[in-house]
Amino acid sequence: MKILIVDDFSTMRRIIKNLLRDLGFTNTQEADDGTTALPMLRSGDFDFLVTDWNMPGMTGIDLLKQVRADPRLASLPVLMVTAEAKRDQIIEAAQAGVNGYVVKPFTAQVLKEKIDKIFERVGG
Amino acid sequence: MGTTRQLANDAEFVAELQDCAKLLIEKLQSNNFAEASRLIHNLYEVRDRHIFNSVGRLTRALHDAIVNFNVDANVYPEANSSEIRDASDRLQYVIRMTQDAANRTMDRVETAAPIAANLGQEAHALRTEWARLQRREMSKEDFGKLYSRINDFLAQMGEGTDALNQNLQAIILEQGYQDLTGQLLKKVIGLITDVEKELVNLVRIAGQVEEVAGITTERKVSDKSADGSIGAEGPQIHAHPDVVSGQDEVDDLLSSLGF
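A quick note: this is a predicted structure, and the numbers were derived from the prediction, not measured. (Residues numbered from 1 in each chain as written. Chains lettered and ligands numbered in written order. Predicted model: local features only at pLDDT ≥ 70, side-chain atom pairs only at ≥ 80, totals over all residues.)

Examining the confidence of the model for chain B
Residues and elements named next belong to chain B. Quick note on the threshold: Per residue, pLDDT captures the predictor's confidence, and it can take any value from 0 to 100. Here a helix means four or more residues in a row that DSSP labels H or I, a strand means two or more in a row labelled E, and each is numbered from the N terminus.
Confidence along chain B averages 84 in pLDDT terms, with 85% of residues attaining 70 or more. Averaged pLDDT values over the elements of chain B bottom out at 74 in helix 1 (residues 2-29) and peak at 95 in helix 4 (residues 140-174). Quick note on the complex model: pTM equals 0.71, ipTM equals 0.81.

Some remarks on the nonpolar core
Worth spelling out the cut-off: Nonpolar cores are built from buried Ala, Val, Leu, Ile, Met, Phe, Trp, Tyr and Cys residues. These are joined into a set through C-beta atoms within 7 Å. In this scheme every C-beta is placed from the backbone, and a residue whose C-beta has 20 or more other C-beta atoms within 10 Å is buried, one with 12 or fewer is exposed, and one in between is partly exposed. Remark: residues whose backbone-derived C-beta atoms lie within 7 Å of one another are considered to be in contact.
In terms of nonpolar packing, the biggest core is built from 34 residues, with Leu4, Leu49, Val50 and Met80 of chain A touching the most fellow members. What Met80 of chain A contacts, discounting residues up to four positions off in sequence, is Thr51, Trp53, Gly60, Ala93, Val98, Tyr101 and Val102 of chain A.

Quick notes on the pairing of strand 5 (residues 100-103) of chain A
Within a regular beta strand, the side chains point alternately toward one face of the sheet and then the other, so they alternate between its two faces. Residues and elements named next belong to chain A. How we decide: When DSSP finds two or more bridges between a pair of strands, those strands are recorded as paired. By definition, the crossover connecting two strands over a helix is right-handed if that path, from the first strand to the second, turns clockwise as seen with the strands pointing away from the viewer.
A two-sided burial pattern is seen for strand 5, the buried positions comprising Gly100 and Val102 on one face and Tyr101 and Val103 on the other. Sheet topology places strand 4 (residues 78-82) next to strand 5; four bridges connect them, and they run parallel. Bridge assignment links Leu79 to a residue of strand 5, and that residue is Gly100. Crossover strand 4 to strand 5 through helix 4 (residues 87-95) is right-handed.

Structural notes on the environment of Phe153 of chain B
All names here are of chain B. The topology assignment puts Phe153 in helix 4. Taking the number of C-beta atoms within 10 Å as the measure of exposure, Phe153 has 17 and is therefore partly exposed. When neighbours within four sequence positions are excluded, Phe153 is seen to be in contact with Glu122 and Leu126.

Concerning the packing of helix 2 (residues 34-44) of chain A against helix 3 (residues 60-69) of chain A
Residues and elements named next belong to chain A. What counts, and what does not: Every axis corresponds to a line fitted to the C-alpha atoms, with the helix fit spanning only the stretch in contact, and the corresponding angles, defined between N-to-C directions, vary from 0 to 180 degrees. Here the word oblique covers every angle except those under 35 degrees (roughly parallel), over 145 (roughly antiparallel) and from 65 to 115 (roughly perpendicular). For a crossing to be left-handed, the near helix must be turned anticlockwise from the far one by less than a right angle; the clockwise case is right-handed. Three categories are distinguished: nonpolar for Ala, Val, Leu, Ile, Met, Phe, Trp, Tyr, Cys and Pro, charged for Asp, Glu, Lys and Arg, and polar for the others, with Gly belonging to the last.
Where helix 2 contacts helix 3, the axes come no closer than 10 Å and their chain directions differ by 25°. When the interaxial angle is binned, helix 2 and helix 3 end up roughly parallel. Considering only the axes of helix 2 and helix 3, their crossing is right-handed. Residue-level contacts link Gly34, Ala37, Leu38 and Leu41 of helix 2 to Gly60, Asp62, Leu63, Gln66 and Val67 of helix 3. The class makeup of the residues in the contact of helix 2 with helix 3 is five nonpolar, three polar and one charged.

Given below as structure tokens:
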């Protein structure tokens, strides 16, 4: 499974990459913003997107909306991993079609649970 | 401060007004229109002087407030030393320091993890062999191999745990960044507090200017961005009914809405 990790902080990308590797997902790539992630998704054959919300160029919520609006990407499973913790935001993400929402700081256990849940649902 | 002087000037103005008014009524009642006219001109002059003094005072206060921002009004924005720019540089430095400390700590962990994993793996394998020995299922030849394998393992344990301890020690030292970043952040907090004070001052002065000039302004308050979506806010530091306090609350919220 090919996974794209998107966050403007390289330390967080490294943490997520390591946790995914511990879970057996070794095929990962990284982007530092929604604006750089979108073209990668469009040409890249990714099976899963893990993204932050708060990014300077294009936010994660906007990236999610763009993904859902593109017929070639609309069914891509998306997990948000973010410090944004207001109820309104969680609801907005859910309504925009996010498959899972993890708030920072998070544990390896939570990340595993959410990923398992997403792929059991999608049947993958 | 300016306010007590201002009140004194107001009181002065009112006193002059009262004197003039009494005299004015006298002159009008005695049909002395020339004198009455002169008195009215006097009143105009008193009012003009009052406004002139207020404006002068406010200009002075504004000048002082700007000087307190430590920016040379003639050179801005090419100013070489700007406290705001220093604060910004310091905060960038804090970001860099914390990023480097995080990466170096993770480097240490990534070095240590395989050492621990290998020791554990070998220990498990040895346990299996040892169990065979205990059940007397081991040939003499195999025992010979086990003997030297355990010997090697003890040496590996010695070296491995030394390396682990070294890495753990280094990780402790890496956390020293918090002291340095803490100092930088305290300086920036100090600067921001000063700037806030000066801004409050400026807002007050602006209010007085509006009063003197008779200007009223509307205040616009808007929470949402132009396209109606909710902006990113970064980590929430205060508990609040609108903010979830952990992953469990996130999960509860989502399942209560059917997601």
